[in-house]
Amino acid sequence: MAETSETAETPAEQPKAPKRVLIVMAHPDDGEFGCGGTVARWAAEGRDIYYCLVTDGQVGDAGDKEITSEQLTEIRHKEAQAAADALGVKHPVIFLHYMDSRLEPTLEVRRDIARVIRQVKPDVVICQDPTVRWNGQGYINHPDHRAAGEATLAAIMPVASTRLAFPELGAEGLPPHNVKEIYIAGTQSADRWVDIGGYLETKAAALRAHKSQIHDWDPLPEMTEWAKATGEAARKVGHDMQYAEGYKYIRLEDD
Ligand SMILES: [Zn+2]
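Residue indices begin from 1 for each chain and proceed along its sequence in written order. Reporting in this predicted model follows two pLDDT cut-offs: at least 70 for local features of residues, and 80 or more for side-chain atom pairs to be given and counted; totals over whole chains, interfaces and linings ignore these cut-offs and use all residues.

Caption draft 1: Fine view of the overall build of the protein chain. The helix count covers DSSP runs of H or I at least four residues long, the strand count covers runs of E at least two residues long, and both are numbered beginning at the N terminus. For the protein chain, the count of helices and strands is eight helices and ten strands. C-alpha extents for the protein chain along the principal axes are approximately 50 × 50 × 35 Å. Exposure classes come from backbone-placed C-beta atoms, where a residue is buried if 20 or more other C-beta atoms lie within 10 Å of its own, exposed if 12 or fewer do, and partly exposed in between. Counting all 255 residues of the protein chain, 48% fall into the buried class. Residues are defined as contacting one another if the C-beta atoms placed from their backbone atoms lie within 7 Å. Residue pairs at least 24 apart in sequence account for 76% of intrachain contacts in the protein chain once pairs closer than 6 positions are excluded.

Caption draft 2: Local environment of helix H4 (residues 143–160). In a helix, the anticipated span is given by 1.5 Å times the number of residues less one. For H4, with 18 residues, the first-to-last C-alpha span of 24 Å sits near the 26 Å given by 1.5 Å per residue. Working definition for bend: take the seven residues up to and ending at a residue and the seven starting at it, fit an axis to each, and measure the angle between the axes. The largest bend in H4 amounts to roughly 30° and is located at Ala154, with the proline Pro158 lying one to four residues further along.

Caption draft 3: Examining the pairing of strand E3 (residues 48–55) more closely. Across the eight residues of E3, seven count as buried, placing the element largely inside the fold. Traced from strand E2 (residues 20–25) through helix H1 (residues 30–44) to E3, the parallel crossover comes out right-handed. Strands are treated as partners if at least two bridges between them are detected by DSSP. Sheet analysis places E3 next to strand E4 (residues 94–98), joined by three bridges and oriented parallel. Paired with Cys52 across the bridge in E4 is Ile94. Handedness is read with the strands pointing away from the viewer; a crossover is right-handed when the path from the first strand over the helix to the second is clockwise.

Caption draft 4: Up close: the nonpolar core. Core analysis: the largest hydrophobic core is formed by 71 residues, its most contacted members being Leu22, Ile23, Val24 and Ile117. No other element matches the nine residues that H4 contributes to this core. Remark: nonpolar core denotes a set of buried Ala, Val, Leu, Ile, Met, Phe, Trp, Tyr and Cys residues whose joining runs through C-beta atoms within 7 Å.

Caption draft 5: Inspection of the sheet that holds E2 at higher detail. Pairing within the open sheet is mixed, and its eight strands lie in the order E1-E9-E10-E8-E5-E2-E3-E4. Lying at the two open borders of the sheet, with one neighbouring strand each, are strand E1 (7–9) and E4. Averaged over all pairs of adjacent strands, the angle between strand axes in this sheet comes to 25°, irrespective of strand direction. In this sheet, strand E5 (residues 124–128) lies alongside E2 in parallel orientation, the contact comprising three bridges. Residue pairing for E5: Val21 is matched across the bridge by Val124. For helices, the fitted line uses only the C-alpha atoms of the stretch in contact; every axis is such a line through C-alpha atoms, and the angle between N-to-C directions lies from 0 to 180 degrees. Those strands touched by helix H8 (residues 220–236) are E1, strand E9 (192–195) and strand E10 (244–251), and its axis lies near 55° from that of E10.

Caption draft 6: Structural context of unusual backbone geometry. Cis geometry marks the peptide bond from Met157 to Pro158; its omega dihedral reads 15°. Tracing the backbone shows Pro158 in helix H4. At His97, a position not held by glycine, the phi torsion is positive, near 65°. With respect to the element layout, His97 can be found in strand E4. A positive phi angle, near 55°, is found at Lys121, a position not held by glycine.

Caption draft 7: Summary view of helix H3 (residues 107–120). Its 14 residues place the ends of H3 20 Å apart at the C-alpha level, agreeing with the 20 Å of an ideal helix rising 1.5 Å per residue. Of the positions making up H3, those classed as buried are Val109, Arg110, Ile113, Ala114, Arg115, Val116, Ile117, Arg118 and Val120. Buried residues along H3 sit in contact with E2, E3, E4, H4 and helix H5 (167–171). In the stretch just after H3, Lys121 is the one whose phi turns positive, near 55°.

And the structure:
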């Protein structure tokens, strides 16, 4: 496959063997918004999926009531697990416990994500896009999203894959691991699309688990609109799908 070609996954394209997938996101609801349909589909197809959240989401509150970061952490951990359960993820969500809204792509964060990569040994990583600063005229990308994306890409290469990059990981009994594919979510440079027709209700159900964030808002209509617009973009380059999630795709190694 040419590295620059635009590609798509349709339901007809089943993985040869169940792939292991690691999702690394800054906040508890980022994965559901950015790749919930893909995760629901891959889980239904039998992929082994792990979720890693870099912060606890401990400042994500509308400010309408008195609540401490500690109380919010507890709520958001439960919501994140309920959302992962709704998508069909079988493993407990992994938290790295960095502080929400103060995330930087430091060497420490890289190392901690690389540790998870070496423990989980994923074939595929889904992460956030470190290059997106804004969208249109009404949206500033959260700096934690960029930091988590930056740190995850650096964790994949070189930290997880290179023995001498952080020798303390080897000393913990974690040998290097090579991730084969990267799906960068929330991107403005999509060149791969995943058909999520049939998984919109599951994506919405997972989002509803984040009650502290979305309250009584019904995510289904807006998620359907997003998926329809992304499906349209996929069709423009020849991929026949009505509802899609789009990614910047990187293949580092063949199966
Ligand atoms: Zn977020």
